[in-house]
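As a plain string of letters, each chain reads:
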Amino acid sequence: MQFKKSLAAMAVLATLSLPAIADTGGLRFKITNAAGQPVVGALVHVSTPDSLTVREGITDKDGFIRLVGLSPSNKYEIKVNSSGYSPLVQNGVKVVSGKNFSLSYALTKEIEKIAVTGTPQAAMVDTTSSVVGIDVTLDMTEALPTGRSYQAYLQLAPGTKPTLNGNPSSKSGVNYSDFGGANSSSSDNVYYIDNINVTDNNTGTFGANFNSEIIQEQQILTGGIPAEFDGGSGLVSRVVTKSGSNEFHGSINYYTQSDSLVADDKNKPNASFKTYDAAYTLGGPIIKDKLWFYTSYQVKNREDNVSDPNTGEFMRTVENESNLGFAKLTWQPTNDDKLVATFFNDPTDISGSRVETTLNNRDLARKQGGNNYKFEYSHMWDDFIVNAEFFRHEAENSILAANPTTRADVAYLTGSPTNADTSLGGLGSDNIRFRNRDEWKLTLEYFLDTNDWGSHAFKFGYANANNDSKVNSVVTGDGSRYSSVAGVDSGLTLGQYTSGGMTGTVSVSDSDYANIINAMNASADSAYYHDLLDSNGDGAISNEELNGLVLSNSADPYGNVAVYRSRQVETAPNVFSTEGTVMFAQDAWSMDNLTVNAGLRAEKWDHIASDGTKVYTFDWEIAPRLSVIYDINDDGESKVWGFYGRYYDPIRTDMTAFAGTLTGSVTSEEIYIGDRWLNFRTRGGRQNQDALFAPTTKTPYTDEFMLGYSTTLSDDMSIQFTYTERKTRDLLEDYDLHLYTEELAGTDYHLPLSYFGYDEIPASNYVIATLAGGKRDYRGAELTFRKHRTDNWMALASFTYNDAKGNSNSDGNADFQGDVVWLDPRAPHTYGKQPGNISYLFKLAASYYWDNGVELGAVYNWNSGTRYSNTFSAYGRHLPMRVDQAYEAGGYTARWLNEDAIGADVSPSYGTLDIRLKYTHKFDDYKAEFFLDIFNVLDDQAATGEQDLIAGDGVYAFGEANSWVAPRRLYLGARLSF
């Protein structure tokens, strides 16, 4: 088919940390007469009360016209006029950002009155795109029982896994962290609000909140993403907010819940809480058809009474209060110019932890949130558009110790210690943190039609961003944090302490021995250490002799046997930053039934240390994206497609801080030997840089291969099947070079200095480098059914299969791999089923409304259970269990991992059923709505997770449930709108 030059679409540059995804969509029209012959020269006009944007164009010789740059809305009015035919009007047409739906209309011979058609045909499948995802719209979220946040809406998307903190994993996204054994949380997602990237640049989780009432549309993208878009192993959430209209509209609402509306909690019988959520919205014209405004303010408050999970005794009351403001101005001075200014903020205070295993002495308070600003200008010509944007995102994420006393973590070899026994003193530090981002970007788009070779949509983009991470950490108490052995186990040897059989936190491992021995040899007290430990008198202290060190001196503040302490010797704030540049070029070429989307992304990132110097540059990486889509019947109703794309995962500021702490706080790591402390490692400050980026370090990436099929079943139903394979490589980790270049020489695990790009070992504690042999492999299939809201009902159903394997959980963070050979990805038994993965998920959401104002919605989610490893605790991490007896592998003898440790167990499967009952009453120009949500209708308080520590954590034994579906609970709400 041929397309005439159309009005250009508003498009925005999209990048992983330099976001800009177009918040507009398009419609493709085929206009025919009653006999099916094309109508040439028909004028097609589209408009909606939700947007100032109006588009119109003339059909070509084949009766086709494409109109783009349309803001998302389900209230579009289509007008078609052609000489000799009756005018046609279609209301209630939906436009989804990032999609181009096809519509077919047949005009009738001219009569006196305007003809109004029924439901448009084939508005379900975009036959020009390979993007996989879902559009979450107002009619869906207001009909279904969900949490009132954009994070909760992510659970509606096919394939998203259950989450504890609003950051769900999708497909190959990592869903588990060795640090603390954290499950059901992903750091691979990217979050946008009106193209403002609010992803936390340090943790990779969401970094902002807002009133969900302001959402016009939320796009959740999970794969098949072209070059203009960011992407990776996680999902991309894009929220488009409301802009106002030519009429004044607003609302006030109030929602509430308390423990009186909740069934008895079988697992937390003394838990109690109360919460409320109140908000207003108001929008309308300042100048009709020219200048609109939209504002909102929301207060959210929750109080929880937290009880001890062992005794049931009251522990504390935790209050969480957020104040969410929003304001937006949209000005269209001419039909070709538009300016948008947006502001929102989300200051939040949380007085403590709701986690019942957090002891009062280890309680923490949080201060979160900040201001966000965006300014956008666009100008449009007939077939060309330029779009410029600037935004600033500010976010505090400070953690304050409720108890300022000295921290001591105590480990036991005997007995059955409780969490309280192993966790003495306070949290240990106050951490003041700010994560900010400044960004500007420019996008150009050009539409070209050729006579013989189809149509082209060219897009070019450039963006520059700066991410700042400001940190000031102050150790509380006496300025140290201790790791000790319980007094009842006095007399243990260091070898017994590091063997992995202790209950509680162990902060020294056999990987530290080389540093400890070198520090003893260099110490002024060298003779003392040799007299104490050199049992064979050969003048050298061996690992075996150090293993024999007896731990028998009480040196921590609580009378236990101190083994290790980290002592803060200097305190000062630090600022780290990353500066990135991204460019892309892309062409969407359509000819007859075929569309080819081909593009390239180029990304470059600099990492800036706390003193302003550049510590590393990840030079230009080129990411190709290619998809081929075939419209099976050339009618916009069905398609098959294939996709290949590479997604780079730029390194976050947590690694910048690791390598870039050249000023500020300095910490001395010390071990207690005999009757004195020995400093074996200094971290922070200029005197001993903690880490360096190795010159050969690469940017982690994921390659995606995807095949798909989609078709309409009727005017308002569609079904889609996708098969996906992903391979994640060039994972990042920190290395102990003395271990890998010296001790492992002559073994299969040896890495020469040339692997890291060095001629000699640099003067740093660690080196950040590409993890040799590290990989994750994913394959999955998904079937999705969608029924849009017509004939009084809608539905969404999906079934997802996930197969995830790998030998590393690293997600750009410095973890334990690279520090010990038995966790090396090339070591025995490290490759296995990925912990955190859920193999099967089924989701069903549906609603039905009656003409009397009553609506019933329901959501049912089922999953097959979460996979986890058999682990022990060390350095605050949950590490896979090791064999008891060392053996030789690859030329090195070690206590390697148990054969079945990785991904060995699965928590039970479970499902939840939620319903919403809604009543709407209209009077005059007002509408009153009343909501009743019932979550977990069947009150099935199933286990959602199990303890992965073989020795337990002092509260839950290995394999014992440690998290559950919340009991049946009612949530009440009311809204008055006009």
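Computed from a predicted model, the values in this text were never measured in an experiment.

> Go over the pattern of salt bridges with me, naming the residues and quoting the values.
Evaluated as defined, the whole model comprises 46 salt bridges. Between Glu-213 and Arg-975 there is a salt bridge; the shortest N-O distance is 2.9 Å. In this pair, Glu-213 sits in the loop between β13 (196–197) and β14 (215–223) while Arg-975 sits in strand β60 (residues 969–977), placing the two residues 762 residues apart along the sequence. For the pair Glu-213 and Arg-975, a shared accessibility class is recorded, and that class is buried. For Asp-690, the salt bridge identified is with Arg-683, shortest N-O distance 2.9 Å. One salt-bridge network, in which partners are shared between bridges, spans Glu-142, Arg-148, Glu-213, Asp-277, Lys-918, Glu-929 and Arg-975.

> So, a nonpolar patch on the surface: which residues are in play, and what are the values?
A contiguous nonpolar patch, built from Leu-594, Leu-626, Val-628, Tyr-630, Ile-632, Val-640, Tyr-709, Phe-721, Leu-783, Phe-799 and Tyr-840 and spanning about 880 Å² of accessible area, is present on the exposed surface. At three residues, strand β36 (residues 614–631) tops the list of elements feeding residues into the nonpolar patch. Structurally, Val-640 is set in strand β37 (residues 638–648). Judged by relative accessible area, which is 33%, Val-640 ranks as partly exposed.

> Give a detailed account of the sheet that holds strand β40 (residues 691–693), specifying residues and quantitative values.
As summarised here, the arrangement of the three strands in space is β40-β44-β43, forming an open sheet in which the pairing is mixed. Looking at strand neighbours, the two that pair on one side only are β40 and β43 (732–735), the edges of this open sheet. This sheet shows a mean twist of 30° between the axes of neighbouring strands, independent of strand direction. Both β40 and strand β44 (residues 766–770) contribute to a ladder of three bridges, which runs parallel. Directly across from Leu-692, in β44, lies its bridge partner Val-767.

> Lay out the nonpolar core in plain terms, naming residues and giving numbers.
Nonpolar side chains tend to gather and get buried jointly when the protein is soluble and globular. In terms of nonpolar packing, the biggest core is built from 59 residues, with Tyr-497 and Met-520 touching the most fellow members. Broken down by element, the residue count for this core peaks at five residues, all from helix α5 (residues 513–522). In this structure Met-520 touches Ser-526, Tyr-529, Leu-533, Ile-541, Leu-546, Ile-673 and Leu-678, once residues within four positions along its chain are discounted. By size, the runner-up hydrophobic cluster in this structure holds 29 residues, among which are Met-140, Ile-193, Ala-208 and Leu-235.

> Any details on the side chain of Asn-201? Residues and values, ideally.
With respect to the element layout, Asn-201 can be found in the loop between β13 and β14. By relative accessible area, Asn-201 is classed as buried at 6%. At 3.4 Å, the side chain of Asn-201 and the backbone oxygen of Asn-436 are in polar contact. Of the polar contacts made by the side chain of Asn-201, one reaches the backbone oxygen of Asp-468; its length is 3.3 Å. In contact with Asn-201, other than residues within four places in its own chain, are Arg-435, Asn-436, Arg-437, Asn-467, Asp-468, Ser-469, Arg-652 and Thr-653.

> Tell me about the sheet that holds strand β38 (residues 666–673), residues and numbers included.
An order of β27-β26-β30-β33-β38-β39 is seen for the six strands of this open sheet, with the pairing classed as mixed. Because the sheet does not close on itself, it has two edges, and the strands there are β27 (423–424) and β39 (676–683). As paired elements, strand β26 (residues 407–411) and strand β30 (residues 480–485) share five bridges and run parallel to each other. Bridged to Val-410 within β30 is Ser-484. Contacts from α5 reach β38 and β39, with the element oriented near 115° to β39.

> Requested: an account of the pairing of strand β12 (residues 190–193), with residues and values cited.
Taking every second residue as pointing to the same face, both faces of β12 are buried, with Val-190 and Tyr-192 on one and Tyr-191 and Ile-193 on the other. By the bridge criterion, four bridges tie β12 to strand β15 (residues 236–241) in an arrangement that is parallel. What sits directly across from Val-190, in β15, is Val-236. Of the strand pairs in this sheet, β12 and β13 are connected by two bridges, and their pairing is antiparallel. Each bridged residue has a counterpart across the sheet, and for Ile-193 the counterpart in β13 is Ile-196.

> Just give me the short version of unusual backbone geometry, but keep the residues and values in it.
Its identity as a non-glycine residue notwithstanding, Asp-730 has a phi of 55°, on the positive side. Following the sequence through the fold, Asp-730 ends up in the loop between β42 (717–729) and β43. Although it is not a glycine, Asn-792 sits at a positive phi angle of roughly 75°. Topologically, Asn-792 is positioned in the loop between β45 (776–790) and β46 (793–806).

> Which residues make up the environment of Val-506, and what values do they have?
By the element assignment, Val-506 lies in the loop between α4 (494–497) and α5. Its relative accessible area of 6% is what places Val-506 among the buried residues. In this structure, the C-alpha to C-alpha distance between Val-506 and Arg-877, residues 371 residues apart in sequence, is 9.4 Å. If we skip the residues at most four places from it in the chain, Val-506 touches Ala-411, Tyr-497, Ser-873, Ala-874 and Tyr-875.

> Provide a residue-level description of the packing of aromatic side chains, including the pertinent values.
According to the stated counting rule, one finds 38 aromatic pairs in the structure shown. The interplanar angle of 75° and the centroid separation of 6.3 Å between the aromatic rings of Tyr-150 and Tyr-191 together place this pair among those described as edge-to-face. Placement of Tyr-150 in helix α2 (residues 150–153) and of Tyr-191 in strand β12 is noted, with a sequence separation of 41 residues between them. On the numbers, 6.2 Å between centres and 15° between planes, the contact of Tyr-254 with Tyr-276 is stacked. On the criterion of sequence distance, the pair formed by Tyr-254 in strand β16 (residues 249–258) and Tyr-276 in strand β17 (residues 272–287) is long-range, its members being 22 residues apart. The exposure class assigned to Tyr-254 is partly exposed, which follows from its relative accessible area of 43%. Taken together, the ring pairs in this structure connect Tyr-150, Tyr-191, Phe-206 and Phe-210 into an aromatic cluster. Taking NZ or CZ as reference, Arg-148 lies 3.8 Å from the ring centre of Tyr-255, over its face.

Rules used throughout
Residues numbered from 1 in each chain as written. Predicted model: local features only at pLDDT ≥ 70, side-chain atom pairs only at ≥ 80, totals over all residues. Heavy atoms only, no water. Salt bridge = Lys/Arg side-chain N within 4 Å of Asp/Glu carboxyl O. Helix = DSSP H or I, 4+ residues; strand = E, 2+ residues; numbered from the N terminus. Buried < 20%, exposed > 50% of the residue type's maximum accessible area, 1.4 Å probe, protein only. Patch = residues over 30% accessible without salt bridge, like charges linked within 9 Å, V, L, I, M, F, W, Y side chains within 5 Å. Areas by Shrake-Rupley, 256 points an atom, 1.4 Å probe, with all protein chains shown as cover. Pairing = 2+ DSSP bridges. Axes fitted to C-alpha atoms, helices over the stretch in contact; angles between N-to-C directions. Core = buried A, V, L, I, M, F, W, Y, C linked by side-chain atoms within 4.5 Å. Contact = heavy atoms within 4.5 Å. Polar contact = N/O pair within 3.5 Å; in protein donor to acceptor, adjacent residues only side chain to side chain. Phe/Tyr/Trp six-rings, centres within 6.5 Å; stacked < 30°, edge-to-face > 60°. Lys NZ or Arg CZ within 6 Å of the ring centre and 35° of its normal.

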